[in-house]
Amino acid sequence: MAGIGGHQHATEIDWSQPLDNLIYLHFVFQATVWGVIYPLGLVFGLARSRFHVPFQVTGTVLTLAGYFFGVNHGGRQFPETFHHNFGVTVFTLLSCQVALGVYLKAHVHEGTRLRRGAVMIHGVIGKAFPVLGWTQGLLGYVSLMGFCRGGHLGQCLAHYIMGSSFIAYGIILSIMLYFGAAWLERKNISQEYLDSWVICVWGIVNTFTEHDFLEKSGGWSVKWDMQHSSMGVIWWAGGALGIFLGRNRKRNFVPSAILILTGWAMSSHAQAMMLSTEVHKAFGEALMGAGLARLIEICFVLKGKHSLHELDPSVDEGAIHPWQHLPPFLLICSGLTFMSATDEELHFLMDLGMDHVTYILLLLSGAFVIYLWTLLLIKTYIICTSPSSSETSTSSNPLSFLWRRNNNNRYKYEAVPDAPGDRMGRREGRVRLDDLDSVELQRTNVDRESPNHVLFDERDEREFD
């Protein structure tokens, strides 16, 4: 969020000036807050943990310190960029989030529409923080390097939006891997049905926006422009087929095939530089690998079913085959590689003398870190919502399957519906341990009026979810 307030911007970057220590502190503080502290705080909030508020308060204090470093640094100065302008938006949303948090912490107007609305808005903004942080961090990187100015903006938008989308796709698939089966069953839809809708809509938009399909100043090239626009055509055409085949919770091959075909096209796409050709080839191969791995998962690992438990009821509910981690990981690999394949980035690497092998290995290392952090956040949520955790609200039921270690044995907890009762009164619920014969843990006389979270009461829970 550098550059808000009275900070004076340069008209051009003076590359002869070094970066001073304050700008490095700006990088470190903001990356730590938006990449680590706020995501953990979000997970704690979703899990109704008492750690939610301390983490968010700490993150807010550190991000304000990072802002101070960003607007008071010396050394190399930067022109006003979208990093500055978007930072104003982020800072405004952060201020609203803090105000809402203070209001909810006060536990006033309980049971009113005002409070329910505040809870809903607080939840929406909080869940948007990872996207806001990723976007602002990316804009900061672009500003630091002086990229995406002038005629390079279009290529930057194409690479950064599409690459970020593949990374987001991989993260969403990993979340659905752990928590999506019950939700998909409840909605009577398949993962491929959802994916096909996104692919179809994205393809329609891409067809008419990629390389100025409707209007091209200086002439429209079949070799270059049609080649890119045809990617949009195959996405909406394949997506439409996937929607049809995915009705009534049926699994299908279409999203996997689209990934394979897109990867093949990108890996075969001629580039102006050899380094660019090799990096695009690596991107295409990673994307083809993700599509192939997903196809094998659907057709051979799960055999058309939605989970291992559905395939074989003797398998624990929530069990995950090691192969199922491969598609989301390869999607993250492909996204990060594509984001790092713009002409400006590759010219910078050529000036450094770096070869494509070193570059790709560094990018894959980043993909490992991103996927690791994603799984750690998922595991944190599972631990915090486990019945054995003191962080868990006894009145919340966030997961359909929960795990814990006890005496070197692994027990599966299956949620049992609450007994009939008034939502605001007292009622009884229970959790069954399937691995123990006829043993039930009773939860009795839960006071629905007492606060179950540092910010939220039970009456707030539906809007927050």
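Rules of the game
- Residues numbered from 1 in each chain as written.
- Predicted model: local features only at pLDDT ≥ 70, side-chain atom pairs only at ≥ 80, totals over all residues.
- Heavy atoms only, no water.
- Core = buried A, V, L, I, M, F, W, Y, C linked by side-chain atoms within 4.5 Å.
- Buried < 20%, exposed > 50% of the residue type's maximum accessible area, 1.4 Å probe, protein only.
- Contact = heavy atoms within 4.5 Å.
- Patch = residues over 30% accessible without salt bridge, like charges linked within 9 Å, V, L, I, M, F, W, Y side chains within 5 Å.
- Areas by Shrake-Rupley, 256 points an atom, 1.4 Å probe, with all protein chains shown as cover.
- Salt bridge = Lys/Arg side-chain N within 4 Å of Asp/Glu carboxyl O.
- Helix = DSSP H or I, 4+ residues; strand = E, 2+ residues; numbered from the N terminus.
- pLDDT = per-residue confidence, 0-100.

Student: Looking at this structure, how should I read the nonpolar core?
Tutor: Inside soluble globular proteins, nonpolar side chains tend to come together where they are buried. Counting 33 residues, the largest nonpolar core has Y160, F166 and L331 as the members making the most contacts within it. Residues within four places of Y160 in sequence aside, it is in contact with L138, Y141, V142, F147, C148, M339, T342 and E345. In terms of nonpolar packing, the next biggest core, distinct from the first, is built from 16 residues, Y38, V90, L94 and A118 among them.

Student: Whenever I open this one, a nonpolar patch on the surface confuses me. Can you help?
Tutor: On the surface, I204, F208, V233 and W236 cluster together to form a nonpolar patch covering roughly 350 Å² of accessible area. Secondary structure elements with two or more residues in the nonpolar patch: α6 (191–209) and α7 (222–245). Locating F208 in the fold gives a position in helix α6.

Student: Help me out: how do you make sense of the pattern of salt bridges in this one?
Tutor: It is possible for side chains bearing opposite charge to pair when their charged atoms get close. Here the structure, examined in full by the defined rule, presents four salt bridges. Among the ionic pairs, D195 bridges to R294, the shortest N-O distance being 3.3 Å. In this pair, D195 is assigned in helix α6 and R294 in helix α9 (residues 274–301), connecting sequence segments 99 residues apart.

Student: What's the story with the environment of L261 in this structure? I'm lost.
Tutor: Relative to the helices and strands, L261 resides in helix α8 (residues 254–267). Assessed through its relative accessible area of 38%, L261 is described here as partly exposed. Taking C-alpha positions, L261 is 8.9 Å from L287, a pair spaced 26 residues apart along the chain.

Student: Explanation requested: the side chain of Q191 in the structure shown.
Tutor: Structurally, the position occupied by Q191 is in helix α6. What Q191 contacts, discounting residues up to four positions off in sequence, is L173, M176, L184, R251 and R294.

Student: Can you walk me through the confidence of the model for the chain in this structure?
Tutor: Segments scoring low in pLDDT should not have their predicted coordinates read at a detailed level. Chain-level pLDDT for the chain is 82 on average; 78% of the residues reach the 70-or-more range. Averaged pLDDT values over the elements of the chain bottom out at 35 in strand β1 (residues 401–406) and peak at 97 in helix α11 (residues 326–339). Confidence drops under pLDDT 50 across residues 1–6; counting only partners more than four residues distant or on other chains, this segment forms 23 contacts. Predicted confidence for residues 392–453 stays below pLDDT 50, and this span has 122 contacts to residues more than four positions away or in other chains.

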